[in-house]
Structures are given as C-alpha cells and as structure tokens.
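Now for the letters of each chain:
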Amino acid sequence: MSGDSDCTRTSPSAGSPSDSELLLDRPKYVCSLSPDLVTKAREELQEKPEWRLRDVQALRDMVCKDYPSLGTCLDDAFLLRFLRARKFDYDRALQLLVNYHTCRRTWPEVFSNLKPSAIKPVLDSGFVTVLPHRDPQGRHVVCIRPDRWTPSNYPITENIRAIYLTLEKLIQSEETQVNGIVILADYKGVSLSKASHFGPFVAKKVIGILQDGFPIRIKAVNIINEPRIFKGIFAIIKPFLKEKIANRFFLHGCDLNSLHQNIPPVILPEEYGGTAGKLDISAWNELLLASEEDFLHDFSELVLPCDSSPHDLLVSGDADEKQCDDSLRGMKPQLYYCY
C-alpha cells in the first residue's frame, strides 16, 4: 500500500512519464461490486460509477500537489478506500489518507515489523478473530475477547497490532468498504489489572486510528459480558469518541437476547447463543497468515509528508501523553470504584 514515495513517478507532472505510460504502470481498476452494492454505494456513499475514476484522479492530484512526499500508493483501488470511507468528499478523504500514514509513522511500537507472523501468539490466543459468516447487512463481524490476553506474555500493543492487521485484511474487500464491519467484544473475565493497561493515552491513539486514521466504516460495537469495571473503561474511551460512533455502542451485559437483536443467532457461535457451531479461530488465522507476502509488500517504509508535522495531523506528542497520564491518575479511583 505504500507504493512509490515520489509523486513524480506516480502522477503526471513536468518531466514525468506520459499519461499513457503511467496508466500502463498502474493496475487497472475493475469493480467487483454486485449491482445491489453499486446501488447501495450510490445511495449511502455518493459513489457514482460513471464518475468513479474521475474522483480517484482528483484525489490523486491532490496528494501529489499537497503531499508530494507522502509515500502512498496511488492505485485506483487503494485510493477508493479513502473516498468511500468519507463519502467521496475529496478534502476529508485526503485528510484520512494523510492521517493513515501519520498514525503508522508516529507509533512505532505498533507499526514496526507489522506482519501476520509477528503477531502469531495473539492470533493463537484467540484474542481477535472474524466470524465466518457476514450479517444480513453484508458486514463481517470482528470478535474481540480481551480475556484471552495474558499481560505477562506480551504488551497490549501486540493486541492492537493484531486488530490493525485484521482490519487491513478485511478492507481489501470492496464489499466491506461499502458495507462496513460490526465489532463484537466479549469482556468476560476482564479484571482491574487488565483494564489498567488501557489508559487514556492508548485509548486516544486507538480511537484516533479507528475514527480518523483508517478507511473503514464501523457500523456497530456490541459489548457482551461486561463487568462493572467496564464503566470505568468506557469512561476513559468516551471523551475521545465522536457522537456518531458513541451512539453505535451497545452494552448487552449477559443478555444474549439483547445481543441477538443486533447480531442474528444464525451467524453467531454457540458461545454467544448462536447456531453456527463452536467458535473456530483457525480459518481466520490461516487466511491472515497466508497473506504474509502481501503485507510485506504493502507495508514497506512509509514517508511522512515533509511539509507537515505529526502534531498537526493526528497525534499530539509528548504534551498529550503527559495530559493523558494525568487523566489516567484521575480515572484510577473511578476504576476501583466500578470494580
């Protein structure tokens, strides 16, 4: 996904290759959306098939004009992800693309050596997986189980790396770009000691990526089996959530009937009152690990825009880290109270 880092090699400009040469070098986009999804994309995302490539070229031109050293892929299919995620608003799509790269540059603990084999212990634990069947709206369900994580085995950033790679794999599908995803988070057994690893600094970074730094549409977040401590966790998260996203959180407690109103039992595993058999993590793990070479190619070194500071784009640096540390100290009494 990184492609050529010099825009003179990826879009027309003085002294650069001709338009026809560039088109030969760039993979030709072929739409894989069904007629129904083309209609849905038109109605929900303002995507007009007859203008699609024009819109992609407009975004490409903006990247090369405003961020010539961004180091991003300029292929049609890649740029379409960002246009779809921002309903074909050029300016918002451009900011999302810049944020995407800035996130990766400013959190090396997560993005260095990011490949499936590097997070195999997390995959083997079952911390994150994707259910085999989509929901009735055509959305994949990402299942996250924090109780599968043992903090003494590896830091929380490894879990974040696994979630990020899962999203990267899912967003390769045009169907997912249009339909979005649903998250199912099972907080059974989450203790105060585990919750303490997810302070405001980490929360702000993760939510910043999901809301403003990654081209995916999160349509619902279903929380199941949340203990009282989750009130404290959500108190940490909520200040960083946009209202639209906050309204997509559904807290079900231990009420499976409530969960089934959002996710039908036919696609849920037995562990969540479903009829789709036991939860099997092996199929998703195999699919992700088989993508190793793709990720090695896509995640080559990214270049931060030379005319922009990370502080201006998404991550605020040391000052925010100090502020978040102060916030965490203020939150601890609330966490203990909820626990």
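Residues numbered from 1 in each chain as written. Predicted model: local features only at pLDDT ≥ 70, side-chain atom pairs only at ≥ 80, totals over all residues. Heavy atoms only, no water.

Participant: How would you explain the overall build of the chain if you had to name every residue and give the values?
Facilitator: When its secondary structure is counted, the chain shows 18 helices and 5 strands. With 339 residues in all, the chain has 54% of them scored as buried. For the chain, the proportion of contacts with a sequence separation of at least 24, taken over those separated by at least 6, is 78%. Accessible surface, the chain: about 15900 Å² in total, of which carbon and sulfur atoms supply 52%. (Helix = DSSP H or I, 4+ residues; strand = E, 2+ residues; numbered from the N terminus. Buried < 20%, exposed > 50% of the residue type's maximum accessible area, 1.4 Å probe, protein only. Contact = heavy atoms within 4.5 Å. Areas by Shrake-Rupley, 256 points an atom, 1.4 Å probe, with all protein chains shown as cover.)

Participant: How would you explain the packing of helix H3 (residues 52-66) against helix H5 (residues 90-106) if you had to name every residue and give the values?
Facilitator: Where H3 meets H5, the axes come as close as 10 Å, and the angle between the chain directions of the two elements is 55°. Put simply, H3 runs oblique to H5. The chirality of how H3 crosses H5 is right-handed. Residue-level contacts link Arg-54, Asp-55, Ala-58, Leu-59, Met-62, Val-63 and Asp-66 of H3 to Tyr-90, Asp-91, Ala-93, Leu-94 and Leu-97 of H5. Tallied by class, the residues present in the contact of H3 with H5 amount to 8 nonpolar, no polar and 4 charged. (Axes fitted to C-alpha atoms, helices over the stretch in contact; angles between N-to-C directions. Parallel < 35°, antiparallel > 145°, perpendicular 65-115°, else oblique. Left-handed = near helix turned anticlockwise from the far one by under 90°. Nonpolar A, V, L, I, M, F, W, Y, C, P; charged D, E, K, R; others polar.)

Participant: Can you break down the environment of Asp-135 residue by residue, with the values?
Facilitator: By secondary structure assignment, the location of Asp-135 is in the loop between strand E1 (128-130) and strand E2 (140-144). Separated by 129 residues in sequence, Asp-135 and Pro-264 have C-alpha atoms that sit 7.3 Å apart. In contact with Asp-135, other than residues within four places in its own chain, are Val-182 and Ile-267. A polar side-chain atom of Asp-135 sits 2.7 Å from a polar atom in the side chain of Arg-139. (Polar contact = N/O pair within 3.5 Å; in protein donor to acceptor, adjacent residues only side chain to side chain.)

Participant: So what about the pattern of salt bridges? Which residues, and what values?
Facilitator: Using the criterion set out here, one finds 14 salt bridges in the structure. Arg-52 is paired through a salt bridge with Glu-47; the nearest N and O atoms lie 2.7 Å apart. Like Arg-52, the residue Glu-47 is buried in the burial classification. With its nearest N and O atoms 2.7 Å apart, the salt bridge here joins Arg-139 to Asp-135. (Salt bridge = Lys/Arg side-chain N within 4 Å of Asp/Glu carboxyl O.)

Participant: Describe the packing of aromatic side chains, listing the residues and the values that go with them.
Facilitator: Following the criterion strictly, the structure yields 9 aromatic pairs and no others. Taking 5.2 Å as the distance between ring centres and 75° as the angle between the ring planes, the aromatic pair formed by Tyr-164 and Phe-214 counts as edge-to-face. Taken as a pair, Tyr-164 in helix H8 (residues 156-170) and Phe-214 in the loop between helix H11 (200-212) and strand E4 (218-224) lie far apart in primary sequence, 50 residues in all. Residue Tyr-164 is classed as buried on the basis of its relative accessible area of 4%. Overall, Phe-214 belongs to the buried group, its relative accessible area being 1%. (Phe/Tyr/Trp six-rings, centres within 6.5 Å; stacked < 30°, edge-to-face > 60°.)

Participant: Give a description of the sheet that holds strand E3 (residues 181-186) that names residues and reports values.
Facilitator: Spatial strand order, E1-E2-E3-E4-E5: 5 strands in an open sheet with mixed pairing. The open sheet has two edge strands with one neighbour each: E1 and strand E5 (249-251). Strand-to-strand twist across the sheet, computed as the mean angle between neighbouring axes with direction ignored, equals 20°. Sheet topology places E3 next to E4; 6 bridges connect them, and they run parallel. What sits directly across from Ile-183, in E4, is Val-221. (Pairing = 2+ DSSP bridges.)

Participant: Lay out the confidence of the model for the chain in plain terms, naming residues and giving numbers.
Facilitator: Per-chain confidence: the chain averages 84 in pLDDT, with 80% of residues scoring 70 or above. Segment residues 1-6: pLDDT under 50, and 27 contacts once partners within four positions in sequence are set aside and those in other chains are kept. Scored below 50 in pLDDT, residues 301-339 shows 66 contacts in the model against residues more than four places distant or in partner chains. (pLDDT = per-residue confidence, 0-100.)

Participant: Break down the packing of helix H4 (residues 76-85) against H5 for me, citing the residues and quoting the values.
Facilitator: Relative orientation and spacing of two packed helices are given, respectively, by the angle between their axes and the distance between those axes. Closest axis-to-axis distance for the H4/H5 pair is 8 Å, and the angle between their directions is 120°. With respect to each other, H4 and H5 are oriented oblique. In the crossing of H4 with H5, the sense of the turn from one axis to the other is right-handed. Listed contacts from H5 to Phe-78, Leu-79, Phe-82, Leu-83 and Ala-85 of H4 are Tyr-90, Ala-93, Leu-96, Leu-97 and Tyr-100.

Participant: Can you tell me about unusual backbone geometry, naming the residues and giving the values?
Facilitator: A positive phi angle, close to 60°, is found at Gln-46, a residue other than glycine. By relative accessible area, Gln-46 is classed as partly exposed at 41%. Phi at Asn-113 is positive, roughly 55°, even though this residue is not glycine. Inspection of the secondary structure assignment puts Asn-113 in the loop between helix H6 (108-111) and helix H7 (120-125).

Participant: Which residues make up the side chain of Asn-179, and what values go with them?
Facilitator: Inspection of the secondary structure puts Asn-179 in helix H9 (residues 174-179). In this structure the side chain of Asn-179 is engaged in a polar contact, spanning 3.2 Å, whose partner is the backbone oxygen of Gly-138.

Participant: Tell me about the nonpolar core, and please be specific about residues and values.
Facilitator: If you look at the biggest cluster of nonpolar residues, it comprises 77 residues, and the most contacted ones within it are Trp-107, Ile-181, Phe-198, Phe-214, Ile-233 and Leu-241. In terms of domain composition, this core takes at least three residues from each of domain 1 (35-106) and domain 2 (113-297). If you look at the next biggest cluster of nonpolar residues, it comprises 13 residues, including Leu-184, Ile-224, Ile-263 and Leu-268. (Core = buried A, V, L, I, M, F, W, Y, C linked by side-chain atoms within 4.5 Å. Domains from an automatic or database assignment.)

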